[in-house]
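A closer look at the structure
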Amino acid sequence: MQNETEQKILEAAKIIFIQKGFAGARMQEIADKAEINKAMLHYYFKSKRKLFEGIVTANVQIMAPKLSAVLSTNGSVYDKLCLLVDTYIDTIVQNPDMPMFLLHEMAQGNKDSIEKMKQIIDDDHSLLKFMDQMHEEQEQGVLKPVPPEHIMLTTMSLIVFPFIARPIFERMLEIPSDFYIKMMSERKQIVKEIIKSSFVN
């Protein structure tokens, strides 16, 4: 029962935080959205900051194990990037609010939350090892001499931006929501082809 209530609170709070930001969100409003009283909300989360950090942690923990698993597999950099594309697009389709929420938090520059994200995301240093693999494949001539940071930035941008910009594209191009999701599935192959032509010799 406790886990169900906590999940209900976290889902309600995420909606309010996305809509109004951390400063604009009110605990009473979150309680109302979760259909509980304010006393119960404070029983589970002592403060708005603790609640916000709980959402950040929950969202990052959805992605972090998958990122580590992808980067720790055997295979070339390109193989891993392709797996990353498939994994992240599938995960974001199932959690469409996640990119905007995490982007908003990082844009606020909260050092505690950013440090927590960093610890969860790369607890086993798999990302740093992957960057080293990029350097090695560039020295071998497998990859083009593009800074690894730009390879990662470009790949993640190709994956995440369409989800952040989804409301704009749906309205401006009059794309039905279900068709947009279908586009994201099709996009996996397109992104892989862009990565290959941009970074692989």
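Let me sum up the structure you'll find in this document.

Rules and cut-offs
Residues numbered from 1 in each chain as written. Predicted model: local features only at pLDDT ≥ 70, side-chain atom pairs only at ≥ 80, totals over all residues. Heavy atoms only, no water. Core = buried A, V, L, I, M, F, W, Y, C linked by side-chain atoms within 4.5 Å. Buried < 20%, exposed > 50% of the residue type's maximum accessible area, 1.4 Å probe, protein only. Helix = DSSP H or I, 4+ residues; strand = E, 2+ residues; numbered from the N terminus. Expected span 1.5 Å × (residues − 1). 1 Å grid on protein atoms, 1.4 Å probe; cavity = no way out; pocket = protein on both sides within 12 Å on 5 of 7 lines; lining within 4 Å. Points joined across faces, edges and corners; volume = space filled by probe spheres on them. Nonpolar A, V, L, I, M, F, W, Y, C, P; charged D, E, K, R; others polar. Axes fitted to C-alpha atoms, helices over the stretch in contact; angles between N-to-C directions. Left-handed = near helix turned anticlockwise from the far one by under 90°. Contact = heavy atoms within 4.5 Å.

Describing the nonpolar core
Within soluble globular proteins, side chains that are nonpolar tend to cluster in buried spots. The biggest cluster of nonpolar side chains holds 31 residues, and the ones touching the most others in it are Leu81, Leu84, Phe130, Met134, Met152, Ile159 and Ile195. When residues of this core are traced back to their parent elements, those giving at least two are helix H4 (48–71), helix H5 (77–94), helix H8 (126–139), helix H9 (148–164) and helix H11 (177–199). Looking at this core, the element that brings in the most residues is H5, giving nine residues. Counting residues in each nonpolar core, the second largest holds 21 residues, with Ala12, Ala13, Ile36 and Leu41 among its members.

Considering H5
Turn by turn, an α-helix covers 3.6 residues, leaving residues three or four places apart pointing in a common direction. End to end, H5 covers 26 Å across 18 residues, agreeing with the expected 26 Å (1.5 Å per residue, within 8%). By the burial criterion, the buried members of H5 are Val77, Tyr78, Lys80, Leu81, Cys82, Leu84, Val85, Thr87, Tyr88, Ile89, Thr91 and Ile92.

A few points about the layout of surface pockets
Space inside the second largest pocket adds up to approximately 240 Å³. Taken together, Ile15, Ile18, Gln19, Pro96, Asp97, Pro99, Met100, Phe163, Ile164, Arg166 and Pro167 make up the lining of the second largest pocket. Where the lining of the second largest pocket is concerned, the elements lending two or more residues are helix H1 (2–24), helix H6 (98–108), H9 and helix H10 (166–172). For the lining of the second largest pocket, the residue count by class is eight nonpolar, one polar and two charged.

Let's talk about the packing of H8 against H9
Interaxial distance between H8 and H9 falls to 9 Å at its minimum, and their mutual angle equals 115°. Remark: the crossing between H8 and H9 carries right-handed chirality. Contact residues: H8 offers Leu127, Phe130, Met131, Met134, His135 and Gln138, while H9 offers Pro148, Glu149, Ile151 and Met152. Residue composition of the contact of H8 with H9, by class: seven nonpolar, two polar and one charged.

Taken by themselves, the reported measurements are silent on function.
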